[in-house]
Amino acid sequence: MDETRRGLIVVSNRLPYALSRDEAGRLTLQPGAGGLVTALVPVLRNRGGTWIGWSGIESDDRQLQAEAARVLAGATRDAGYQLQPVPLSHAEVEQYYHGYSNETIWPLFHDLQSQCRFDPEYGRAYDAVNRRFAETIARHARVGDFIWVHDYQLMLVGHHLRELGVTAPVVYFHHIPFPSIDIFLKLPRRSYVIRALLGYDQLGFQTARDKRNFLQCVRTLVDGARVRSQGSLHLIRWEGREIRVGAFPIGIDFEEFAGQAAQEEVSRRAWNIHAGLPERQIILGVDRLDYTKGIPHRLEAVRTALKRHPELHRRLTFVQVVVPSRVDVPKYARLKEEIERLVGEINGEFTQGGWVPIHYVYRALPREELLAYYRTSEIALITPLQDGMNLVAKEYCACTLEDNSVLILSEFAGSAAQLHRGALLVNPYDVEEVADAIHRAYMMPSEERRARMRRMRRVIRQQHIFWWVDTFMQSAIAKDLSDFPVLEEYDFIPPERVHPEEQSSG
Ligand code: ADQ
């Protein structure tokens, strides 16, 4: 090991670049966007770092993998940090990624057991690929490096690094929800998975609820683990090691979003969108095509709102943007059909004289267009059945420059923990409650809209993506934990238990 270089190693399923073939058959690279990349790249550049992940090429062809590695090595020179691919075969991608990660962990951890497939082969492939990631890290880690692993595809990497004798600090952030014990118990080899997670030195979750769920699983399934709290963190003592556990809600680059939303191109597009829908409020939904996002439930809520509140006819247009995702998976193709059927049915039922209640957009929008929709829509309807954080909710608030908009937000989105003082919180399964929230948002006076939106924007501005990186890293390296800032430990309280005045007060 080279002791002269100390840096950060970021590990995620995918590298922050997408590899694909151009028309001439050559491999080309497109840099990835998104908050995580924006936040971590400056840190990687400053500390001199490495990003380890799968390149997106699934192949048993060694020559192709070598070509991918060469293209990435070229990109490394421009990126200012190292890009290190983990090669995966077609079968591994099928079983580790599409299988265990997306057909077992993703639905189970989002509390949708009926969507789960438990296949022992998936579990074995997941373990083997996590081992491969650990071996790649071990080859590149130097003494003093700090290794930060991301998300549910890589829960076992810390454990494999320990087995390989790596002693560098290894920390982990879990981007999706962590389920309650009753759900976690259904996972085959659950004790192995929970113990493997204790291979990390620090585990970060999006919310206090996720953290509490994890700690309860540890208390129940790991003999000899001792849990105590210190400041806003919890410490687990187990087999002579101390593991830190905390809630670190991920943020967005607020200033970047607000700045771009104010630009001329976005303003022009925003104006055009509204000019096409005169005297109407726009209510916006933006989601990746995924059954966790609750799109069919939301469409039913819109139908109910139009039935219960005829005064909304011709006054409200619902724009639902769906970003294509995993469309080759039959479950996702069926979801797309269901959404299209519902949109057709509702429009068939309510359309009249130039007013079409639902506008359905099925494509990834250019960024200016997405921001224009954020900026110009009076109401956002974000109702996932379960969501780690949901960045769309935060991006929407950052882009509503006039503060005159309303966010209707699922109480099961992680962002509800930070935005509950401004959003109208709803249970996404309760279509009548969501329908009434739509009506309430439509009727809400400007003064109340502004007060609520200002509260949300304040939190999103303060707890931005760079704050998230700093807080997570500081907590991992801090010596004196009592100095560590105490984060708001919000526990979700069902709305009926909160007096309405209390809910709208600051
Ligand atoms: P996701 O589920 O992918 O990831 P989410 O928080 O919903 O993350 O954000 C989606 C992202 O896609 C947003 O940044 C948004 O701007 C972008 N996007 C949406 N619609 C788009 C469109 N039409 N065109 C282009 N871009 C679009 C996981 C977890 C989340 C968690 C994040 C971050 O599932 O719960 O919030 O990680 O930790």
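### A word on the overall build of the protein chain
- Per the secondary structure count, the protein chain includes 19 helices and 17 strands.
- In terms of overall size, the protein chain behaves like a compact globule, its C-alpha atoms giving a radius of gyration of 23 Å where 506 residues would be expected to give roughly 23 Å.
- Considered along the principal axes of its C-alpha atoms, the protein chain spans approximately 70 × 60 × 45 Å.
- Across the 506 residues of the protein chain, 57% fall into the buried class.
- Counting every atom, the protein chain has about 21200 Å² of accessible surface; 48% of that belongs to carbon and sulfur.
- Charge-centre separation for the protein chain: the mean point of 62 positive side chains lies 2 Å from the mean point of 65 negative side chains.

### Let's talk about the pattern of salt bridges
- Inspection of the entire model under this criterion finds 30 salt bridges.
- A salt bridge links Glu265 to Arg268, with the shortest nitrogen-to-oxygen separation between them at 3.0 Å. Of this pair, Glu265 and Arg268 both sit in helix H10 (residues 264-275), separated by three residues, roughly a single helical turn.
- According to the relative accessible area criterion, Glu265 is partly exposed, its value standing at 31%.
- With a relative accessible area of 44%, Arg268 lands in the partly exposed category.
- With a closest N to O distance of 2.9 Å, Arg452 and Glu448 form a salt bridge.

### Concerning helix H11 (residues 295-308)
- In this model, H11 (14 residues) spans 20 Å end to end at C-alpha, consistent with the 20 Å of a helix rising 1.5 Å per residue.
- The buried fraction of H11 amounts to ten of the 14 residues, a majority that puts the element mostly inside the structure.
- Of the residues making up H11, those classed as buried are Ile295, Pro296, Arg298, Leu299, Ala301, Val302, Arg303, Thr304, Ala305 and Leu306.

### What to know about the site of the ligand
- The environment of the ligand is made up of 20 residues, and the closest members are His175, Asp387, Met389, Leu391 and Glu395.
- A distance of 3.0 Å separates an oxygen atom of the ligand from a polar side-chain atom of Gln206.
- A distance of 2.6 Å separates an oxygen atom of the ligand from a polar atom in the side chain of Glu395.
- Considered on its own, the ligand offers 720 Å² of accessible surface; in the complex 77% of this is hidden by protein.
- Mapped onto the shell around the ligand, the elements with two or more residues apiece are strand S12 (281-288), strand S13 (316-323), helix H13 (367-376) and helix H14 (391-399).

### Some points on the domain arrangement of the protein chain
- Each assigned domain of the protein chain is listed with its residue range as follows: domain 1 (8-250 + 464-500) and domain 2 (254-462).
- Look at where the C-alpha atoms of domain 1 and domain 2 centre, and you get two points 30 Å apart.
- The interface of domain 1 with domain 2 comprises 23 residues on the first partner and 28 residues on the second.
- Across the domain 1/domain 2 interface, buried area totals approximately 2100 Å², and carbon plus sulfur atoms make up 55% of it.
- Where domain 1 touches domain 2, the interface holds zero salt bridges.
- In this structure, the connection of domain 1 to domain 2 is made through four residue pairs in polar contact (both at pLDDT 80 or more).
- With four residues, the top contributor of residues to the side of domain 1 that touches domain 2 is helix H3 (residues 90-109).

### Quick word on unusual backbone geometry
- Even without being glycine, Arg189 reaches a positive phi, approximately 55 degrees.
- Structurally, Arg189 is set in the loop between helix H6 (181-184) and helix H7 (190-197).
- A positive phi is found at Arg314, a non-glycine position, where the angle reads about 70 degrees.
- For Arg314, the position within the fold is in the loop between H11 and S13.
- On the basis of relative accessible area, Arg314 is assigned to the partly exposed category, the value being 31%.

Conventions we followed
- Residues numbered from 1 in each chain as written.
- Predicted model: local features only at pLDDT ≥ 70, side-chain atom pairs only at ≥ 80, totals over all residues.
- Heavy atoms only, no water.
- Helix = DSSP H or I, 4+ residues; strand = E, 2+ residues; numbered from the N terminus.
- Rg over C-alpha atoms; globule rule 2.2 N^0.38 Å.
- Buried < 20%, exposed > 50% of the residue type's maximum accessible area, 1.4 Å probe, protein only.
- Areas by Shrake-Rupley, 256 points an atom, 1.4 Å probe, with all protein chains shown as cover.
- Lys, Arg positive; Asp, Glu negative; His and termini not counted.
- Charge placed at Lys NZ, Arg CZ, Asp CG, Glu CD.
- Salt bridge = Lys/Arg side-chain N within 4 Å of Asp/Glu carboxyl O.
- Expected span 1.5 Å × (residues − 1).
- Near = heavy atom within 4 Å.
- Polar contact = N/O pair within 3.5 Å; in protein donor to acceptor, adjacent residues only side chain to side chain.
- Domains from an automatic or database assignment.
- Contact = heavy atoms within 4.5 Å.
- Buried area = accessible area lost by both parts, 1.4 Å probe.

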